[in-house]
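# Inside the fold
Letter by letter, the chains look like this.
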Amino acid sequence: GQLSILQDKIDHLERLLAENNEIISNIRDSVINLSESVKDGQKNPEAINFSRGSLSRLLPSAPVLLPINKEDCQFASASSSQKSQVQMLDVYDILPFDNPDGGVWKQGFDITYDEHDWDNEILQVFLVPHSHNDPGWLKTFDDYFRDQTQHILNNMLVKLQEDKGKKFIWSEISYFSKWWDGIDNQKREAVKKLIEQKQFEIVTGGWVMADEASAHYFSLIDQLIEGHQWLENNLGVKPKSGWAVDPFGHSPTMAYLLKRSGLSNMLIQRVHYSVKKHFSTKKNIRIFLETK
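Treat the numbers as computed from the prediction; the structure is a model and nothing was measured.

## A few points about the overall build of the protein
- Along the backbone of the protein there are nine helices and four strands.
- N-terminal to C-terminal, the α/β element order of the protein is α-α-α-α-β-α-α-β-α-β-α-β-α.
- Evaluated residue by residue, the protein yields a buried proportion of 27% over its 292 residues.
- Counting only contacts in the protein whose residues sit at least 6 apart along the sequence, the fraction spanning at least 24 positions is 66%.
- Counting only carbon and sulfur atoms, one obtains 54% of the accessible surface of the protein, whose full area is about 21,100 Å².

## Things to note about the layout of surface pockets
- Volume-wise, the second largest pocket comes out at about 560 Å³.
- What lines the second largest pocket is a set of 15 residues, among which D8, K9, H12, D181 and W230 lie closest to the centre.
- Per element, the largest residue contribution to the lining of the second largest pocket is seven residues, and it comes from helix 1 (residues 2-43).
- For the lining of the second largest pocket, the per-class residue count stands at five nonpolar, four polar and six charged.

## Considerations on the packing of aromatic side chains
- For the coordinates displayed, the defined rule picks out nine aromatic pairs.
- Between F176 and W179, the aromatic rings sit 5.5 Å apart at their centres with planes inclined by 50°, giving tilted as the arrangement. Placement of both F176 and W179 in helix 5 (residues 173-182) is noted, with a separation of three residues, approximately one turn of the helix. Both residues of the pair, F176 and W179, count as buried.

## Things to note about unusual backbone geometry
- With a phi close to 50°, F97 is a non-glycine residue in the positive phi region.
- Within the secondary structure layout, F97 lies in the loop between helix 3 (88-94) and helix 4 (141-162).
- Residue classification places F97 among the partly exposed residues on the basis of a relative accessible area of 35%.
- Positive phi, close to 60°, is recorded for T204, a residue that is not glycine.
- Examined against the element boundaries, T204 turns out to sit in the loop between strand 2 (200-202) and helix 7 (217-234).

## What to know about a negative patch on the surface
- A cluster of acidic side chains, namely D114, E115, D117 and D119, defines a negative patch on the protein surface.
- Along the chain, D114 falls in the loop between helix 3 and helix 4.

## Digging into the pairing of strand 3 (residues 241-244)
- Side chains of strand 3 alternate between two faces, with S241 and W243 and G242 and A244 buried alike.
- Pairing of strand 3 with strand 4 (residues 265-268), which is carried by four bridges, proceeds in the parallel orientation. Opposite A244, over in strand 4, you have I268 as the bridge partner.
- Each parallel crossover has a hand, and the one from strand 3 via helix 8 (residues 252-260) to strand 4 is right-handed.

## Regarding the nonpolar core
- Counting 24 residues, the largest nonpolar core has M156, W170, F176, W179, V191, F200 and L235 as its most contacted members.
- Elements supplying a minimum of two residues to this core: helix 4, strand 1 (168-170), helix 5, helix 6 (185-196), strand 2 and helix 7.
- A total of six residues in this core trace back to one element, the largest contributor, which is helix 4.

## What to know about the pattern of salt bridges
- Under the counting rule described, the total for this entry stands at eight salt bridges.
- Here the salt bridges share partners, and the residues they tie into one network are K139, D143, R146 and D147.

## A short note on helix 6
- A rise of 1.5 Å per residue sets the reference length of helix 6, with its 12 residues, at 16 Å; its end C-alpha atoms lie 17 Å apart and thus fit the reference within 8%.
- Burial in helix 6 covers these residues: A190, V191, L194 and I195. On an axial view of helix 6, the arc spanned by its buried residues comes to 140°, and they lie on one face. Of the residues in helix 6, the exposed ones pointing more than 90 degrees away from the buried face are N185, Q186 and E196.
- Looking at the buried residues of helix 6, the elements they touch are helix 4, helix 5 and strand 2.

## Structural notes on the packing of helix 5 against helix 7
- Where helix 5 contacts helix 7, the two axes come as close as 10 Å, and the packing angle between them is 35°. As helix 5 runs across helix 7, the sense of the crossing is left-handed. Between helix 5 and helix 7, the residues in contact are I173, F176, S177 and W180 and G227, W230, L231 and N234, respectively.
- The residue inventory of the contact of helix 5 with helix 7, partitioned by class, reads five nonpolar, three polar and no charged.

## Quick word on the side chain of Q199
- Following the sequence through the fold, Q199 ends up in the loop between helix 6 and strand 2.
- Within the structure, Q199 has its side chain in polar contact with the backbone oxygen of D163 (distance 3.1 Å).
- If we skip the residues at most four places from it in the chain, Q199 touches L160, D163, K164, K166, K167, F168 and L194.

## Some details on the confidence of the model for the protein
- On average, the protein scores 81 in pLDDT, and the residues at 70 or more come to 80%.
- Confidence drops under pLDDT 50 across residues 287-292; counting only partners more than four residues distant or on other chains, this segment forms 16 contacts.

The rules behind these values
- Residues numbered from 1 in each chain as written.
- Predicted model: local features only at pLDDT ≥ 70, side-chain atom pairs only at ≥ 80, totals over all residues.
- Heavy atoms only, no water.
- Helix = DSSP H or I, 4+ residues; strand = E, 2+ residues; numbered from the N terminus.
- Buried < 20%, exposed > 50% of the residue type's maximum accessible area, 1.4 Å probe, protein only.
- Contact = heavy atoms within 4.5 Å.
- Areas by Shrake-Rupley, 256 points an atom, 1.4 Å probe, with all protein chains shown as cover.
- 1 Å grid on protein atoms, 1.4 Å probe; cavity = no way out; pocket = protein on both sides within 12 Å on 5 of 7 lines; lining within 4 Å.
- Points joined across faces, edges and corners; volume = space filled by probe spheres on them.
- Nonpolar A, V, L, I, M, F, W, Y, C, P; charged D, E, K, R; others polar.
- Phe/Tyr/Trp six-rings, centres within 6.5 Å; stacked < 30°, edge-to-face > 60°.
- Patch = residues over 30% accessible without salt bridge, like charges linked within 9 Å, V, L, I, M, F, W, Y side chains within 5 Å.
- Salt bridge = Lys/Arg side-chain N within 4 Å of Asp/Glu carboxyl O.
- Lys, Arg positive; Asp, Glu negative; His and termini not counted.
- Charge placed at Lys NZ, Arg CZ, Asp CG, Glu CD.
- Pairing = 2+ DSSP bridges.
- Right-handed = clockwise from strand over helix to strand, strands pointing away.
- Core = buried A, V, L, I, M, F, W, Y, C linked by side-chain atoms within 4.5 Å.
- Expected span 1.5 Å × (residues − 1).
- Arc of directions from axis to C-beta.
- Axes fitted to C-alpha atoms, helices over the stretch in contact; angles between N-to-C directions.
- Left-handed = near helix turned anticlockwise from the far one by under 90°.
- Polar contact = N/O pair within 3.5 Å; in protein donor to acceptor, adjacent residues only side chain to side chain.
- pLDDT = per-residue confidence, 0-100.

If you want it as structure tokens, here you go:
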């Protein structure tokens, strides 16, 4: 079975190489034809128009401005009832972004509470079982998979079947697809059953958890397509919730892309500690804390 999988991957790579070679060949022919046209134009002024026409086909056209659909973003409505309570640009202006030592919680946020705060009201604690796996950071993709990721997914499969009350979510399809290729049909059917029982959920469904701060939107779309196509072809699953607990920065473009991809919810986490401290002090926003 492993040899068959390896052979399929090799065949797939060979097809990709053939397609790439054809694309490169077409580009090379176009460049040669354009170069010859330019040379002919220098000798023959009548050919200048042709060379300019060829060049214009290779250069990007003028940008096309598309109308904004207000339904794409809940904050696009003119209704006063949907105005945001917080303007982040104003918050950034008042935050010092310093780095003091705050004791229990570092960066100047000393945690204090009254031990009788919950005498008359039950404290509710929500545990969200999940895992975030970087496809490359301190280790390589394969090293992370071998040392950690495969064990997380193996244990997930065992523990969820043992206890129907347990749930788990997963986001990085690059790792999940590698794990999927190495398990047998019995385990694959078990995964599908857990999804049907709503014990196991795929969130965002991108190939990775994308860097939103400095990535081009082409990259955001491409990795999202890669992950969603894999899910459709192998599990018939379409994610409904976005999960961004460890990207570098957050972009409204990502929210727009997820909305257009059919997702209806989105959770973000990785924000500056000064922002968390500010909102916690003001008590005007809920904070999700991730422990690793």
